[in-house]
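Below, each chain spelled out in residue letters.
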Amino acid sequence: MSKPFKKYEIKGYELSDNVEVMFTNWKLTSDIVETLEAVEKAAIAAKSSGYDRIMRAIKKYPRIPVFKDVLIMYYNNRGDLGKAVEVNDKLLRDHPDFLPGYVNKALQYYIKDDFENMREVLTANFDLKDLFPARKVFHIREFLRMQYVAVLYFSAIDESEKAWDRYRIMAENGSGEDLTIAASEHLLNEDFDEDNLDNYDEEFDDDMEDEMMEGYVGPDVPEQPTTTKTKMPRLNHELSEELYFHFYDEFADGIITKIANLPRETLITDLETMINDSFERYTYLTEDDWEVDKAFVTHAIFMLAEINAVEKASLIYKVLSQSYDYLDYFLDVIFENDLFDPFYKLLAHDPEAMMAFIKKPGVANMSRIVVLSLIKELAIQDPKQKLVAINYHNQLLDFLIAAKPEDNVFDNMLVDGVVANLLLLQAKQSLPKIKYVLDEGMLLNFADMPFEVMKGILQNPRQAEKLPLLSMVETYDKLEFPEPDEFDDEDYDFDPFGGDMQLPDGMTEEKFNELLLKAEEAVVERRNKDDHANRTGMTVVKSPKPGRNDACHCGSGKKYKKCCLGKDE
């Protein structure tokens, strides 16, 4: 039986924010501090010239350990970890009473995942008194250094309760300090990286998704209806069709601007037609996705925002009301890259409509959280709206607390989102509600977080970044996509695009390139014929292709969407 968890307490020593404490223990004087500030800048810049400056300071003050600590910083910033370890080991031998040396050593073990030695360096309980029993006073910065490493250690060995407890005591004694904020960000990132379903990843297989969903309680979201329509709709503008056939980084220069400058009324009709097409031809498009680029739905949403078509907000809510499969297929890039700008432009003008959508039964969690983030964004964009945003979040907590199973609206990840936003907005008046949902087990990712830690986060919220509200072109220019997997030619005799070519007897390289060019032209001609046939409604005979959820044709045993779909595309 494991021992009951005991909160960490400060015993046997006092904390001080008086800089004289560090001056005394680190043998500093005011003139030395001026030199120290200069060499610290050199260490941060990590240029070759900075090394000489730091070494001159070490030679001038050989008994002052802090300059050797700066040299370690210099090596770390240059990526020379071997030298950093070497200097730190000498530092500890020369100055066994210098705390930063022990912290550095523990962090070096942390990088290597050597957690046992990490704990041995800083004592079993990561306690300053255990490390330096003769000292009775420590500076707050020394204390925070020790506790920050304790946070890293306990989170690394999956003792999150102890990690959050060390953050709690950091927040109580060093609210607003860089290390306290860093500890908070580390713990929140650890929680969300491992458990939060905001981070959707195509590479997760079904078993891993089931594991991530453990403990999740949410509404039943209907499956996407099967559709039979196959014919592409006609649009008012031929230029609008460009949105059907291009990936985000494939548009010709100026084409997006040209589309945005089309007559507004007929362009909006085209965009609405395209989005409705994703509903009406869902089955055909998701099984035969070679015909158009699935990004067309995202393109249409961005274009509506580009021309400020707020009158089509209901159409956007219709998109967000679709099934998980639809959202995962058509809006994957939006959710993976947090591209919520167009939603803010199209929906934020009517907060009451956003509230009504979040309260709607049977809506996918990811869609509700997006709209919830827009309500928070009201306060981020305009601080005067902070109380309004807090009021809406409190209303949502009341709504979720009162929800019954038959209402099909409760979602503990949504409760997480509401609580996280209230902490970010420093809604002190909401603490009783937050404590209630915590005590009642209504949270998911925050279920094990002590209430004292939540209060500490509220006092030290992470700086919220505004949505940049960029144009469509600016957003697409910033998107980055991984390069396609390199072709593995290990088992092949030649590479037609380079390397040592093993051509058939009598075949010259020039002749081979000529035949290759003709083959490429034939492929293009065939695609053009297929494209024309699809636009005119003619029947095109296609080779059999597995559906997204069918077994992959390569024989791996995985679903097609989890295996070769990306390569085939």
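Residues numbered from 1 in each chain as written. Predicted model: local features only at pLDDT ≥ 70, side-chain atom pairs only at ≥ 80, totals over all residues. Heavy atoms only, no water.

1. Here we look at the overall build of the protein chain
Next up, step 1: Check the secondary structure of the protein chain and you find 29 helices and two strands.
Next up, step 2: Across the protein chain, every contact between residues at least 6 apart in sequence was considered, and the portion connecting residues at least 24 apart equals 69%.
Next up, step 3: Summing over all exposed atoms, the protein chain offers an accessible surface of approximately 30600 Å²; the carbon and sulfur share of this is 48%. (Helix = DSSP H or I, 4+ residues; strand = E, 2+ residues; numbered from the N terminus. Contact = heavy atoms within 4.5 Å. Areas by Shrake-Rupley, 256 points an atom, 1.4 Å probe, with all protein chains shown as cover.)

2. Overview of the pattern of salt bridges
Next up, step 1: Throughout the structure, instances matching the rule amount to 18 salt bridges.
Next up, step 2: Lys294 is the salt-bridge partner of Asp332, the closest N and O atoms lying 3.2 Å from each other. Here Lys294 lies in the loop between helix H15 (282-287) and helix H16 (296-306) and Asp332 lies in helix H19 (residues 332-336), a separation of 38 residues in the sequence. For the pair Asp332 and Lys294, one class covers both residues: buried.
Next up, step 3: One salt bridge in this structure joins Asp439 and Lys435, with 2.8 Å as the shortest N-O distance. Here Asp439 and its partner Lys435 are both found in helix H25 (residues 431-439), four residues apart, which amounts to about one turn of the helix. (Salt bridge = Lys/Arg side-chain N within 4 Å of Asp/Glu carboxyl O. Buried < 20%, exposed > 50% of the residue type's maximum accessible area, 1.4 Å probe, protein only.)

3. Examining the nonpolar core
Next up, step 1: Counting residues in hydrophobic clusters, the biggest one holds 142 residues, and the most contacted among them are Phe343 and Leu347.
Next up, step 2: Ignoring any residue separated from it by four or fewer positions in sequence, one finds Leu347 in contact with Ala313, Ile316, Tyr317, Leu320, Met354 and Leu374. (Core = buried A, V, L, I, M, F, W, Y, C linked by side-chain atoms within 4.5 Å.)

4. Details of helix H23 (residues 386-402)
Next up, step 1: Its 17 residues give H23 an end-to-end C-alpha distance of 25 Å, which sits within 8% of 24 Å, the value for a rise of 1.5 Å per residue.
Next up, step 2: Among the residues of H23, those classed as buried are Ala389, Ile390, Tyr392, His393, Asn394, Leu396, Leu397 and Leu400.
Next up, step 3: Considering only its buried residues, H23 is in contact with helix H21 (351-358), helix H22 (365-381), helix H24 (412-424) and H25. (Expected span 1.5 Å × (residues − 1).)

5. Looking at helix H5 (residues 81-94)
Next up, step 1: Between its first and last C-alpha atoms H5 spans 20 Å; for 14 residues at 1.5 Å apiece the expected length is 20 Å, and the two agree.
Next up, step 2: Burial in H5 covers these residues: Ala84, Val87, Asn88, Leu91 and Leu92. End-on view of H5: buried residues confined to an arc of 140°, all on one side of the axis.
Next up, step 3: Lining the buried residues of H5 we find helix H4 (65-77) and helix H6 (99-111). (Arc of directions from axis to C-beta.)

6. Re the side chain of Thr227
Next up, step 1: Among the structural elements, Thr227 can be located in the loop between helix H12 (206-212) and helix H13 (255-260).
Next up, step 2: A polar contact of 3.4 Å, which involves the side chain of Thr227, links it to the backbone oxygen of Glu280.
Next up, step 3: At 3.2 Å, the side chain of Thr227 and the backbone nitrogen of Tyr282 are in polar contact.
Next up, step 4: With residues up to four places along the chain from it excluded, the contact list for Thr227 reads Phe279, Glu280, Arg281, Tyr282, Thr283 and Tyr284. (Polar contact = N/O pair within 3.5 Å; in protein donor to acceptor, adjacent residues only side chain to side chain.)

7. Examining the environment of Trp26
Next up, step 1: Relative to the helices and strands, Trp26 resides in the loop between helix H1 (19-25) and helix H2 (30-45).
Next up, step 2: In this structure the C-alpha to C-alpha distance between Trp26 and Pro65, which are 39 residues apart in sequence, comes to 7.0 Å.

8. Let's talk about the packing of aromatic side chains
Next up, step 1: The full count for this structure, using the stated rule, is 25 aromatic pairs.
Next up, step 2: Considering the side-chain rings of Tyr153 and Phe154, the 5.2 Å spacing of their centres and the 70° angle between planes classify their relative orientation as edge-to-face. The pair Tyr153 / Phe154 is uniform in exposure class, with both members buried.
Next up, step 3: Between the aromatic rings of Tyr244 and Phe296, the centroid separation amounts to 4.8 Å while the plane-to-plane angle is 40°, which identifies the pairing as tilted. Remark: Phe296 occurs in helix H16 and Tyr244 occurs in the loop between H12 and H13; sequence separation between them is 52 residues.
Next up, step 4: Taking relative accessible area as the criterion, Tyr244 reaches 0% and is therefore assigned buried.
Next up, step 5: Following the ring pairs from residue to residue traces out a cluster consisting of Tyr244, Phe245, Phe279, Tyr282, Phe296, Tyr326, Tyr329 and Phe330. (Phe/Tyr/Trp six-rings, centres within 6.5 Å; stacked < 30°, edge-to-face > 60°.)

9. Observations concerning a negative patch on the surface
Next up, step 1: Together, Glu223, Asp325, Asp328 and Glu336 give the surface a local cluster of negative charge.
Next up, step 2: Along the chain, Glu223 falls in the loop between H12 and H13. (Patch = residues over 30% accessible without salt bridge, like charges linked within 9 Å, V, L, I, M, F, W, Y side chains within 5 Å. Lys, Arg positive; Asp, Glu negative; His and termini not counted. Charge placed at Lys NZ, Arg CZ, Asp CG, Glu CD.)

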